[in-house]
Amino acid sequence: MTEPKNIAILASGSGSNAEKIIHYFKNHKTINIASVITNNENAGAIERAEKAHIPSKYFNKEDFETPHVILQYLKSKEVDFIVLAGFLLKIAPEIVAQYPEKIINIHPALLPKYGGKGMYGNHVHESVILNKETESGITIHLVNDNYDEGRIIFQAKCSISPQMGAKQLSAKVQQLEHQHFPKIIEEFVENH
Ligand code: GRF
């Protein structure tokens, strides 16, 4: 029997996506969630990981800037793939180099629109509404050295009605994230 592939989830915030992913891969035959890593001691993602008995680990910003510390930890957990689920720091080039085409991110808009530095969380949805877009959605993509520019592996759309605000849009997009992210991770990891 082949060894399962290990995933580390990196999350800075509430961790609703992390929780869906953990739940989806519980008792999975070929994929295992090895750890949840955060740069935010108060991240809800940590509590959610602990509840599910998944090892969690906090590293500060300096650690993420001196990536051998992170790489050592990833190695100790035999991590094969990294999933960014609301992770707000840039991934150091050294980490990208060690995990080429093996880091997956989710972005709450239809890239290449509404991506790049500063485009996260509600900033994204507010800009989309302000520009009177008629649709938004999610983008799941690989991570390279530039923010939100790696190869897109999946997108899903939702429509925006004229009276919709950023909050409502955010809820609609979150629904799409929860619905698709775990399955797309599974498909990608099983085929790479
Ligand atoms: C999601 O909207 C994701 O697209 C973005 O950060 C948010 C994370 O939400 N990258 P949560 O912490 O998983 O609830």
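Note that the structure is predicted; figures quoted are calculated from it, not measured.

### With respect to empty space enclosed by the protein
In total, this model carries one cavity of 30 Å³ or more according to the counting rule given. Volume-wise, the largest cavity comes out at about 30 Å³. Taken together, Leu10, Ile37, Phe64, Ile70, Leu74, Ile82 and Ile95 make up the lining of the largest cavity. Looking at side-chain class alone, the lining of the largest cavity contains seven nonpolar, no polar and no charged residues.

### Concerning the packing of aromatic side chains
All told, the structure shown has five aromatic pairs when counted by the stated rule. Ring centres 6.1 Å apart and planes at 85° place the aromatic pair Phe59 and Phe64 in the edge-to-face group. Given a relative accessible area of 4%, Phe64 falls into the buried group. Where Phe59 meets Tyr73, the ring centres are 5.6 Å apart and the plane angle is 70°; that geometry is what we call edge-to-face. Separated by 14 residues along the polypeptide, Phe59 in the loop between strand 3 (56-58) and helix 3 (61-65) and Tyr73 in helix 4 (residues 68-76) bring together distant segments of the chain. In this pair, the class of Phe59 matches that of Tyr73, namely buried. An aromatic cluster of at least three residues, connected via ring pairs, comprises Phe59, Phe64, Tyr73 and Phe87.

### A short note on the pairing of strand 5 (residues 103-107)
Consecutive side chains along a regular strand alternate between the two faces of the sheet. Burial of strand 5 is extensive: five of the five residues sit out of reach of the surface. Residue alternation in strand 5 divides its side chains into two sets, Ile103, Asn105 and His107 and Ile104 and Ile106, and both sets are buried. Pairing between strand 4 (residues 81-84) and strand 5: three bridges, direction parallel. Following the sheet pairing, Ile82 is matched in strand 5 by Ile103. Where the polypeptide runs from strand 4 across helix 5 (residues 93-98) and back to strand 5, its parallel neighbour, the crossover connection is right-handed. Bridge count for strand 5 against strand 6 (residues 135-142) is four bridges, and the pairing is antiparallel. Looking across to strand 6, one finds that Ile104 is bridged to Leu142.

### Description of the pairing of strand 2 (residues 31-38)
Buried residues dominate strand 2, accounting for seven of its eight residues. Note that strand 1 (residues 5-10) and strand 2 share six bridges and pair parallel. Bridged to Leu10 within strand 2 is Ile37. A crossover links strand 1 with its parallel partner strand 2, the connecting element being helix 1 (residues 16-24), and its sense is right-handed. Bridge count between strand 2 and strand 3: three bridges; the pairing is parallel. Bridging from a neighbouring strand, Val36 pairs with Ser56 of strand 3. Taken together, strand 2, helix 2 (residues 44-51) and strand 3 constitute a β-α-β crossover, and its handedness is right-handed.

Each value, and the rule that gives it
- Residues numbered from 1 in each chain as written.
- Predicted model: local features only at pLDDT ≥ 70, side-chain atom pairs only at ≥ 80, totals over all residues.
- Heavy atoms only, no water.
- 1 Å grid on protein atoms, 1.4 Å probe; cavity = no way out; pocket = protein on both sides within 12 Å on 5 of 7 lines; lining within 4 Å.
- Points joined across faces, edges and corners; volume = space filled by probe spheres on them.
- Nonpolar A, V, L, I, M, F, W, Y, C, P; charged D, E, K, R; others polar.
- Phe/Tyr/Trp six-rings, centres within 6.5 Å; stacked < 30°, edge-to-face > 60°.
- Buried < 20%, exposed > 50% of the residue type's maximum accessible area, 1.4 Å probe, protein only.
- Helix = DSSP H or I, 4+ residues; strand = E, 2+ residues; numbered from the N terminus.
- Pairing = 2+ DSSP bridges.
- Right-handed = clockwise from strand over helix to strand, strands pointing away.

Honestly, it's all geometry; don't read function into it.
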